[in-house]
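Structural features, examined
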Amino acid sequence: MTPPSERPLTAMIDPAAGPPDCTAYEHNGGWQATRKALSSLAPAEIIDMVTRSKLRGRGGAGFGTGQKWSFVPKEPATDRRKYLIANADEMEPGTFKDRWLLEGNPLQLIEGMILAAYGVQARHGIVFLRGEYDLARTRLHRAIGEARQQGWLGENILGSGFSFDIHVHSSAGRYICGEETALLTALEGRRATPRSKPPFPQTGGLWGAPSVVNNVETLCNLPHIIANGPEWFAGLGLGEDGGTKIYGVSGRVAKPGAWELPIGTPLRQIIEEHAGGMRAGYRLRALLPGGASTAFLDADAIDVAMDYGSVEKAGSRLGTGMAIILDDRTCPIGMIRNLEHFFAQESCGWCTPCRDGLPWVERLLDAIEDGTGQEEDMDQLGRHARMLGAPGRTFCAHAPGAMAPLASGLKLFAADFAAHIQQGRCPQREGARP
Amino acid sequence: MLTVENPLPVPMRREILALAAQELHPRGAGVAALRLVQARFGWVSTTHLREVAVLLGMSADDLDGVATYFNLLFRRPVGRHVIMLCDSVSCWIMGREPLCAHLCRKLNIRPGETTADNAITLLPTVCIGHCDHAPAMLVDNTLHGDVDTTTLDHLIDTLRDTP
Ligand SMILES: Cc1cc2nc3c(=O)[nH]c(=O)nc-3n(C[C@H](O)[C@H](O)[C@H](O)COP(=O)(O)O)c2cc1C
Ligand code: SF4
Ligand code: FES
């Protein structure tokens with residue numbers, strides 16, 4: 001038997017050839033995990049294997065996947081409705097990994113969902129797909145149809161007595177729908193506002209039933225954990241986390257893109273080797289390591305290992321693992337202004353600090369960037385960063401996420417803020433607003 | 001005639017009822033039903049919104065609350081083609097502002113508006129997950145990356161010629 005791939009998530013992805021069909025998927029090792037699970041593993045064993053694999057959620061928050069499932073009530077699915085939901089909303093600016101997985105190998109996600117559903121004994125699966133992902137929708141529908149036809153989905157899968165099917169919900173574009181409780185509200189056909197916890201989704205989720213929400217990349221790891229064992233998976237990581245991670249880089253690098261690498265790969269290796277370093281004429285100034293809602297890291301931090309603990313120690317978050325590069329010819333104030341425009345626009349408006357605070361931040365940044373900012377504006381920005389940045393003051397993590405680039409930017413780019421205010425203009429026109 | 005002021009065609013009403021029947025509660029099909037209407041008519045008129053609300057057993061205002069929440073549901077008419085230019089961070093860094101200015105000049109509209117010949121509506125959109133090919137945009141659901149003024153000009157000419 002060939003040894004399992006060191007890049008399991010993307011081994012079968014070939015953009016030129018398109019996604020594998022059921023036969024090709026099986027030929028390359030697909031469905032092994034489902035056969036194994038349904039014939040010889042108890043649901044509790046699945047949860048235990050995933051816990052031992054050290055897999056942490058790839059949607060941004062990084063919660064231990066096995067641990068999260070362990071909160072789901074244990075009665076079998078026939079007793080009560082339970083839901084397993086794939087979070088394919090992916091609207092965090094700078095993040096484009098789930099799209100790659102969905103378009104490249106939808107059967108891998110389907111198999112991951114079957115395994116997760118078997119682990120928590122859910123009968124109903126839903127892919128919450130962002131509305132703009134047209135190609136992903138087409139391919140996912142085709143893959144689900146094929147899997148159903150071949151008996152991998154539906155009643156009594158492989159004669160095991162376990163039944164599970166998947167429905168695709170196409171959303172209509174709203175960042176907050178990616179927040180797991182807002183996602184449930186959206187599925188219930190309401191304005192997608194987050195819910196207070198408890199109850200946690202695992203006990204009181206969609207229509208009040210136990211529900212598990214997992215990111216696409218998280219779920220895609222499961223077939224490999226079950227087929228090759230948790231120890232193998234844990235061993236793929238370079239540090240304390242298990243598995244590989246899809247890392248990406250965008251901005252002025254030579255070759256922007258995404259790559260599957262061992263989790264814990266140093267940022268320098270990702271940027272210099274895989275992304276080809278900076279474009280000629282540009283220098284790395286700072287970066288957001290894991291998408292728009294993470295804190296800036298200075299160029300000095302480039303040797304940080306990209307795992308949850310190390311990035312946190314460096315003062316930011318691994319987030320989605322998709323780095324956005326700030327180069328030396330782009331105005332950092334303009335970049336922060338762009339980020340806060342996004343967060344202000346995408347606030348769901350449920351709680352006042354976020355609904356009113358974020359547009360205020362945006363206006364202050366507008367003024368500073370346009371050269372009409374005042375010294376006092378800096379105090380206001382600092383106060384917002386402190387008040388909105390602390391968790392627990394708002395219903396969900398949208399506002400703290402929005403404040404991460406601002407709070408870190410206020411420190412890192414203090415001189416740029418001061419120059420804008422003193423000179424009454426952006427000293428660095430290129431890359432800024434024309 | 002099939003217009004936004006006439007009732008929904010019967011097969012579409014049936015399709016919406018079938019969507020609702022798949023859900024635990026009919027309102028769970030709200031977004032899917034509105035998307036169906038929009039795919040056919042280009043946008044969701046108040047006449048159609050009211051009809052869908054009745055089919056789902058919701059009040060029209062309740063459903064409108066959902067419809068107006070989402071970036072991709074249009075409650076006002078749009079042109080024959082919709083260009084959605086990403087305005088999020090990676091595209092901003094890679095020059096989406098000058099590109100947007102170019103588009104506005106060329107089409108003689110501002111973002112949010114439709115050209116006089118009703119051919120093209122220009123809307124901003126948040127990150128569409130194509131940041132490695134920034135600046136990126138969607139044109140009627142089709143993804144375009146590494147967009148520059150030359151490809152843009154060419155695209156607009158083609159769009160103007162296609163119904
Ligand atoms: C404002 C906001 C937006 C989010 N968007 C997404 C998203 O698009 N996709 C995603 O997987 N998780 C998103 N999350 C995180 C989810 O709430 C949740 O933690 C995640 O889906 C859980 O899956 P995981 O444990 O597999 O990471 C978002 C969180 C917040 C606060
Ligand atoms: S923090 Fe913002 S996005 Fe989250 S619930 Fe409050 S208003 Fe909505
Ligand atoms: S920032 Fe434009 S596609 Fe992601």
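Definitions and cut-offs
- Residues numbered from 1 in each chain as written.
- Chains lettered and ligands numbered in written order.
- Predicted model: local features only at pLDDT ≥ 70, side-chain atom pairs only at ≥ 80, totals over all residues.
- Heavy atoms only, no water.
- UniProt positions renumbered as here; feature names shortened; annotations may be inferred.
- Axes fitted to C-alpha atoms, helices over the stretch in contact; angles between N-to-C directions.
- Helix = DSSP H or I, 4+ residues; strand = E, 2+ residues; numbered from the N terminus.
- Left-handed = near helix turned anticlockwise from the far one by under 90°.
- Contact = heavy atoms within 4.5 Å.
- Pairing = 2+ DSSP bridges.

For chain B, an unreviewed UniProt entry supplies the name NADH-quinone oxidoreductase subunit NuoE and the organism Komagataeibacter xylinus. According to its UniProt record, chain B has this under Sequence similarities (unreviewed entry): "Belongs to the complex I 24 kDa subunit family."

Chain A carries the name NADH-quinone oxidoreductase subunit NuoF in an unreviewed UniProt entry, which gives Komagataeibacter xylinus as its organism. Listed in UniProt under the heading Sequence similarities (unreviewed entry), the comment for chain A reads: "Belongs to the complex I 51 kDa subunit family."

Some thoughts on the packing of helix α6 (residues 96-107) of chain B against helix α7 (residues 149-161) of chain B
All names here are of chain B. Contact geometry of α6 with α7 gives a least axis separation of 11 Å together with a crossing angle of 35°. Crossing angle aside, the handedness with which α6 passes α7 is right-handed. In this structure, α6 contributes Leu99, His102, Leu103, Lys106 and Leu107 to the contact, and α7 contributes Thr149, Leu152, Asp153, Ile156, Asp157 and Arg160.

Some words on the sheet that holds strand β6 (residues 257-262) of chain A
All names here are of chain A. Reading across the sheet, the five strands line up as β6-β5-β9-β7-β8 and stay open at both edges, with mixed pairing between neighbours. Two strands in the sheet have a free side with no partner beyond their single neighbour: β6 and β8 (297-298). Pairing analysis gives six bridges linking strand β5 (residues 244-250) to β6, with the strands arranged antiparallel. Counterpart to isoleucine 246 in the pairing with β6 is glutamate 260. Running over the sheet, helix α5 (residues 97-104) touches β5, β6 and β9 (322-327) and is turned about 120° from β5. The sheet contacts of helix α12 (residues 267-274) involve β5, β6, β7 (284-288) and β9, and relative to β6 the element is tilted by about 135°.

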